[in-house]
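Okay, here's what each chain looks like letter by letter:
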Amino acid sequence: MDLATLILFLPACFALNMAPGPNNLLSVSNATRYGFRRACTAGIGRILAFAGMIALAGAGLSVVLQTSEWLFHAIKIIGAGYLLYLAWQLWRANPEAEQQVTGATVGFFALARQEFLVAAGNPKAILLFTAFLPQFVDPAHPVPAQFAVLGVLFLLLEWIAISAYAWMGLHMRRWFAEPRGKRIFNRCCAGLLSAAASVLLMAKRA
């Protein structure tokens, strides 16, 4: 790929990575509750989900989502339902109990599974990859190799976004050190996750 294309791609891609969304909000919440390192490593679940979506988009399978209304709505409803479930958990979380929970007692796989399911529950993500990545592909050169390069760059920038949001969550933990502050923060996150679920439910196929 030529340098000019990459110079255009990187800032546009990073803007997408850094856009507030359910997964980035989850990184903030996890860092606040379980620490920076655990929130970052949990992001592996999101990376795996996005990698699968990029592969699907590259294979042209996103056309299935565009043409199959019931499949699109099924994934959308499941994804929104899971966001509402996470919001309900945060709303009911006991800040006093959270203070007694150490990072070791919170399984990596449980947090990574959360990240994976939140990412996989948004069918618009596959359509986003289909609409965004091909804009930077030159048909005169091998398309699969270019798509792979763009996908890897997207995932690397996504990892930076995960770390950035986790870092914000780490500093927010200092601001909300008291149980009352934690309860307010958890309920704000619950409200935002519920709003994200509502937006997902209203999403339409491109």
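Owing to the predicted nature of the structure, the values given are computational and were not obtained by experimental measurement. (Residues numbered from 1 in each chain as written. Predicted model: local features only at pLDDT ≥ 70, side-chain atom pairs only at ≥ 80, totals over all residues. Heavy atoms only, no water.)

### Re the overall build of the protein
Heads up, the rule is: Starting at the N terminus, helices and strands are each numbered in turn, a helix being any DSSP run of H or I of at least four residues and a strand any DSSP run of E of at least two. A 1.4 Å probe rolled over the protein chains alone gives each residue an accessible area, and that area as a share of the maximum for its type sets the label: buried under 20%, exposed over 50%, partly exposed in between. Any two residues whose heavy atoms approach within 4.5 Å are treated as being in contact. Note on areas: these come from Shrake-Rupley sampling with a 1.4 Å probe, and a residue is covered only by the protein chains present in the view.
When its secondary structure is counted, the protein shows 10 helices and 0 strands. Along the protein, helices (α) and strands (β) appear in the sequence α-α-α-α-α-α-α-α-α-α when read from the amino end. With 206 residues in all, the protein has 41% of them scored as buried. By sequence separation, contacts in the protein at least 24 residues apart represent 89% of the contacts at least 6 residues apart. Entry remark: accessible area of the protein is about 10800 Å², with carbon and sulfur atoms responsible for 71%.

### Here's the deal with the packing of aromatic side chains
In plain terms, the rule: The criterion for an aromatic pair is that two Phe, Tyr or Trp rings (for Trp, the six-membered ring) have centres within 6.5 Å, with stacked assigned to planes under 30 degrees apart, edge-to-face to planes over 60 apart and tilted to the rest.
With the rule as written, the count across this model stands at 2 aromatic pairs. Here the aromatic rings of phenylalanine 50 and phenylalanine 154 are separated by 6.1 Å at their centres, their planes lie at 70°, and the arrangement is edge-to-face. With phenylalanine 50 in helix 3 (residues 36–58) and phenylalanine 154 in helix 9 (residues 143–175), this pair connects stretches of sequence that are 104 residues apart. With a relative accessible area of 4%, phenylalanine 154 lands in the buried category. Look at phenylalanine 108 and phenylalanine 109: their rings are 5.1 Å apart centre to centre, the planes differ by 65°, and that puts the pair in the edge-to-face class. Taking the relative accessible area as the measure of exposure, phenylalanine 108 reaches 27% and is therefore partly exposed.

### As for the packing of helix 2 (residues 22–34) against helix 7 (residues 108–120)
Keep this limit in mind: Axis lines are fitted to C-alpha atoms, over the contacting stretch for helices. Their N-to-C directions set the angle, which ranges from 0 to 180 degrees. Should an angle fall under 35 degrees it is taken as roughly parallel, and over 145 as roughly antiparallel, whereas 65 to 115 is taken as roughly perpendicular and any remaining angle as oblique. Helix crossings fall into two classes, left-handed where the near helix is turned counterclockwise from the far one by less than a right angle and right-handed where it is turned clockwise.
Contact geometry for helix 2 and helix 7: axes closest at 9 Å, N-to-C directions at 165°. Our classification of the angle between helix 2 and helix 7 gives roughly antiparallel. Crossing geometry of helix 2 relative to helix 7 is assigned as right-handed. Here Pro22, Asn23, Leu26, Ser27, Asn30 and Tyr34 of helix 2 come into contact with helix 7, specifically with Leu111, Gln114, Glu115, Val118 and Ala119.

### A word on the nonpolar core
Defined as follows: Only buried residues count toward a nonpolar core, which is a set of Ala, Val, Leu, Ile, Met, Phe, Trp, Tyr and Cys residues joined through side-chain atoms within 4.5 Å.
Phe9, Phe50, Ile54, Phe129, Leu133 and Phe154 are the most contacted members of the largest nonpolar core, which totals 22 residues. Elements that contribute at least two residues to this core include exactly helix 1 (3–18), helix 3, helix 8 (123–132) and helix 9. Dropping the residues within four chain positions of it, isoleucine 54 is found in contact with Phe129, Leu133, Phe147, Gly151, Phe154 and Leu155.

### As for helix 3
Think of an α-helix as turning once every 3.6 residues; residues three or four places apart then point the same way. Let me state the cut-off plainly: Working rule for helices: expected span equals 1.5 Å times residues minus one.
Taking 1.5 Å per residue, 23 residues should reach 33 Å; helix 3 reaches 33 Å between its end C-alpha atoms and fits that length. For helix 3, the set of buried residues is Ala39, Cys40, Ala42, Gly43, Gly45, Arg46, Ile47, Ala49, Phe50, Met53, Ile54 and Ala57.

### Topic: the packing of helix 3 against helix 7
Counted only if it meets this: Each residue gets one label: Ala, Val, Leu, Ile, Met, Phe, Trp, Tyr, Cys and Pro are nonpolar, Asp, Glu, Lys and Arg are charged, and the others, such as Gly, are polar.
Contact geometry of helix 3 with helix 7 gives a least axis separation of 7 Å together with a crossing angle of 35°. With respect to the hand of their crossing, helix 3 and helix 7 are arranged in right-handed fashion. Side by side, helix 3 and helix 7 meet where Arg38, Thr41, Ala42, Gly43, Ile44, Gly45, Arg46, Leu48, Ala49, Phe50 and Met53 of the first sit next to Phe108, Leu111, Ala112, Glu115, Phe116, Ala119 and Ala120 of the second. When its residues are assigned to classes, the contact of helix 3 with helix 7 shows 12 nonpolar, 3 polar and 3 charged.

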